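# Structural overview for review
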Amino acid sequence: MVHRIIEWSLRNRFIVLVLAAALFAWGIYAVKKNPIDAIPDLSENQVIVFTEWMGRGPQLIEDQITYPLVTNLQGLPKIKYVRGSSMFGMSFIYVIFNDDVDIYWARERVLERLSTVSRSLPTGVSPQLGPDGTGVGHILWYTLDAPQMDLGEQRALQDWYIKFALQNVEGVSEIASFGGFQKQYQVTVDPNKLLYYRLSVPEVINAIRTNNNESGGRKFEISDIGYIIKTSGYLKSAEEIGNISVKTQNSIPIRVADVATVQMTGETRLGIFDQDGQGERVGGIVVMRYGENAAEVIDRVKAKMQEVAKGFPEKVKFDIVYDRGELIKESVDSIRHTLIEEMIVVSVVVIIFLFHWRSALSIIIQIPVTLAASFLLLNAFGISSNIMSLTGIALAIGVIVDNGIIMSENAYKHLAEKYADWQEQQKKQ
């Protein structure tokens, strides 16, 4: 079979060259389409289930949330194992699937199971899926350089303007905010006043909750004009919260302000983010979606950041503290230079070793064609261009030319023997 292929190739050299040129062009197209990253993604094929139940201890979280979720999620198809982690106020479930499972198929199966498990959880507890990113999906970290804004205003700018804008970028799974203060209304109850007015904390909570909603109405017509009746009850200031009536005693309403202090403040924090010892900063983490091209996503995010910065207050700007794009560029450039150097060295060695330009050319031309064609396989198996895959290609350059050298030497030897036999026949005649 091999002899027939060689014979056919020798008789149809033009067709072989055309096929090689087509393969090379297809490989160049594959190079441009291949995802680029600095490091290979070796993380597990997982789906994260996050559940929040603030104010509860780890043991209660473990018993009432983590354990029921883990036991019910273990029956999913194509699953390896399920890990659970409980901490104060939060539960994390890591559902690990087989490597050949599509991540979005896995997320759909988890959502289906959660729809039935949620009924066995405490009232008001709602599990939710984590972002569709991987363990190496953090591609960009940024902070806000805003010397004239306090940390609460910076966090509000990040959560209500920057985050929504950057999440629309193609390839971005999530923008995780950090630092600063998350503004909230806090009601600090005085226990002595509650005792004096014979009230309880649940009564105060229920009064605030019931007063912070909309009341439905209806539509009616008068003189061919339609009117819509509704009541707007959303609380908009600390004064409105303080004026809420909790209970009426002797025809006198007891307000929230009579038993508690209402103020605008920041949510209780468990840590801070300090940058270079210069003080606290507010920022965000850009999480890349599973299977995306890291280099392209980073470029799109940076372009969007320039557009978003136009709407900033005065003297506010982005400060990028981690950019994987620079690492990707430096890593790929280093491997690219190594590939070029190895191609030159191998070509020179082949020319010196064979000392025949036609034989050397037939071998050297295999190097770029093989390198370009290798990216077809990288795309087929979903492997990105990173320091591991490109280094493997660089190490294989010497192996690429071995077969050509052996075939050329073998052909040259047979031709020499045939030529020697022909000369002897000429002498005999």
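Quick caveat, the model's predicted, so the values are computed rather than measured.

Thresholds applied
Residues numbered from 1 in each chain as written. Predicted model: local features only at pLDDT ≥ 70, side-chain atom pairs only at ≥ 80, totals over all residues. Heavy atoms only, no water. Core = buried A, V, L, I, M, F, W, Y, C linked by side-chain atoms within 4.5 Å. Buried < 20%, exposed > 50% of the residue type's maximum accessible area, 1.4 Å probe, protein only. Helix = DSSP H or I, 4+ residues; strand = E, 2+ residues; numbered from the N terminus. Contact = heavy atoms within 4.5 Å. Phe/Tyr/Trp six-rings, centres within 6.5 Å; stacked < 30°, edge-to-face > 60°. Lys NZ or Arg CZ within 6 Å of the ring centre and 35° of its normal.

## Regarding the nonpolar core
I139, Y142, I162, V286, V301, F312 and F318 are the most contacted members of the largest nonpolar core, which totals 27 residues. Breaking this core down by element, the ones donating at least two residues are β5 (138–145), α5 (151–166), β6 (172–178), β13 (283–288), α10 (294–308) and α11 (324–354). At six residues, the largest contribution of residues to this core is made by α10. In this view, F312 contacts L144, L157, Y161, I162, K317 and F318; residues no more than four positions away in its chain are not counted. One finds V47, V101, A106 and V117 within the second-largest nonpolar core, a separate group that totals 22 residues.

## Quick notes on the packing of aromatic side chains
Enumeration according to the criterion identifies nine aromatic pairs in this entry. Between F178 and F273 the ring centres are 4.5 Å apart and the planes differ by 55°, which places this aromatic pair in the tilted class. Here F178, found in strand β6, pairs with F273, found in the loop between β12 (260–266) and β13; they are 95 residues apart in sequence, far enough to count as distant. Arranged with centres 5.0 Å apart and planes meeting at 85°, the rings of Y196 and Y197 form a pair that is edge-to-face. One aromatic cluster in this structure is built from Y142, Y161, F312 and F318. In this structure, K78 packs its charged tip against the face of W105, placed 5.3 Å from the ring centre.

## Things to note about the side chain of T51
Here T51 is to be found in strand β1 (residues 46–52). The exposure class assigned to T51 is buried, which follows from its relative accessible area of 0%. T51 has contacts with I65, L69, G89, M90, S91, V125, S126 and P127, leaving out every residue within four places of it along the chain.

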